[in-house]
Amino acid sequence: MGHYILRISLLAGWLLVGGVLAVTLWAAVASAPIIQQVEAELGRGLTCEEAYAHREINAYFYPQRAAQGDTLYTFSLFAPFVLLIFVALLAGIVRYDRLPRWRWMLVALGGVLLAVLVLHLPVINTIVCAIE
């Protein structure tokens, strides 16, 4: 009975945290063009102060895309905890032997999701600076 509870807990936790990360990644990818447009106009990357000074980034999110901006801002507040929990869930899935069919698919999918999200962290940080 205990292994069923552990299996369900690992899968439910993976789905919940993976869903949060997927929504955050979607918001970051959908928002990246506005950052790239401003950086192309400047000819270099944005610092935090410059991102805040360029109000067109903030205007891009509010009022039309407020959910995207709020998602990225909330993720930036809790990112270390969410990422740590997700890595711990992936480690738990690797160590748990009673998921023979699902185990490596979940780990591979989670690893790809985590890697792509980490690659988009600079975009998320720039957006957070702009909408703060």
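The rules we used
Residues numbered from 1 in each chain as written. Predicted model: local features only at pLDDT ≥ 70, side-chain atom pairs only at ≥ 80, totals over all residues. Heavy atoms only, no water. Core = buried A, V, L, I, M, F, W, Y, C linked by side-chain atoms within 4.5 Å. Buried < 20%, exposed > 50% of the residue type's maximum accessible area, 1.4 Å probe, protein only. Helix = DSSP H or I, 4+ residues; strand = E, 2+ residues; numbered from the N terminus. Contact = heavy atoms within 4.5 Å. Axes fitted to C-alpha atoms, helices over the stretch in contact; angles between N-to-C directions. Parallel < 35°, antiparallel > 145°, perpendicular 65-115°, else oblique. Left-handed = near helix turned anticlockwise from the far one by under 90°. Nonpolar A, V, L, I, M, F, W, Y, C, P; charged D, E, K, R; others polar. Disulfide = S-S within 2.5 Å.

Any chance you could explain the nonpolar core here in plain terms?
Buried together is how nonpolar side chains tend to be arranged in soluble globular proteins. Of all hydrophobic cores here, the largest spans 38 residues; its most connected members are Leu-21, Ile-57, Phe-75, Phe-86, Leu-117, Ile-124 and Ile-127. If you list the elements that add at least two residues to this core, you get helix H1 (2-42), helix H3 (55-61), helix H4 (66-95), helix H5 (103-119) and helix H6 (121-131). Broken down by element, the residue count for this core peaks at eleven residues, all from H1. Excluding its chain neighbours within four sequence positions, the residues that come into contact with Ile-57 are Ile-34, Ile-35, Val-38, Leu-46, Ala-51 and Ala-130.

Sorry, what's going on with the packing of H4 against H5 here?
Packed helix pairs are characterised by how far apart their axes lie and by the angle those axes make with each other. Where H4 meets H5, the closest approach of the two axes is 10 Å, and the angle between their N-to-C directions is 155°. Classed by the angle they form, the pair H4 and H5 counts as roughly antiparallel. By crossing handedness, the relation of H4 to H5 is classed as left-handed. In contact with Phe-75, Leu-83, Phe-86, Val-87, Leu-90, Ile-93 and Val-94 of H4, H5 contributes Arg-103, Trp-104, Leu-106, Val-107, Gly-110, Gly-111, Leu-113, Leu-114 and Leu-117. Its residues assigned to classes, the contact of H4 with H5 comprises 13 nonpolar, two polar and one charged.

It is not clear to me how the state of the cysteines should be interpreted in this structure. Could you clarify?
As used here, a disulfide is simply a covalent bond connecting the sulfur atoms of two cysteines. Within this structure, the stated rule accounts for one disulfide. The disulfide that involves Cys-48 links it to Cys-129, with 2.0 Å between the sulfurs. What sets the handedness of the Cys-48 and Cys-129 disulfide is the S-S torsion sign, and at about -100° it is left-handed. Pair noted here: Cys-48 is in helix H2 (residues 48-53) and Cys-129 is in helix H6, with a separation of 81 residues, a long-range link.

Please explain unusual backbone geometry as it appears in this structure.
A cis amide bond, omega 10°, links Tyr-62 with the succeeding residue Pro-63. Structurally, the position occupied by Pro-63 is in the loop between H3 and H4.

I tried to follow the side chain of Thr-126 on my own but got confused; where do I start?
Positionally, Thr-126 belongs in helix H6. The exposure class assigned to Thr-126 is buried, which follows from its relative accessible area of 13%. For Thr-126, the contacting residues outside a window of four places in its chain are Ile-35, Leu-46 and Ala-51.

Quick question: what am I supposed to make of the packing of H5 against H6 here?
Where H5 contacts H6, the two axes come as close as 4 Å, and the packing angle between them is 45°. Overall, the two elements H5 and H6 adopt an arrangement that is oblique. Here Leu-117, Val-118 and Leu-119 of H5 come into contact with H6, specifically with Leu-121, Pro-122 and Ile-124. In the contact of H5 with H6, the residues fall into six nonpolar, no polar and no charged.

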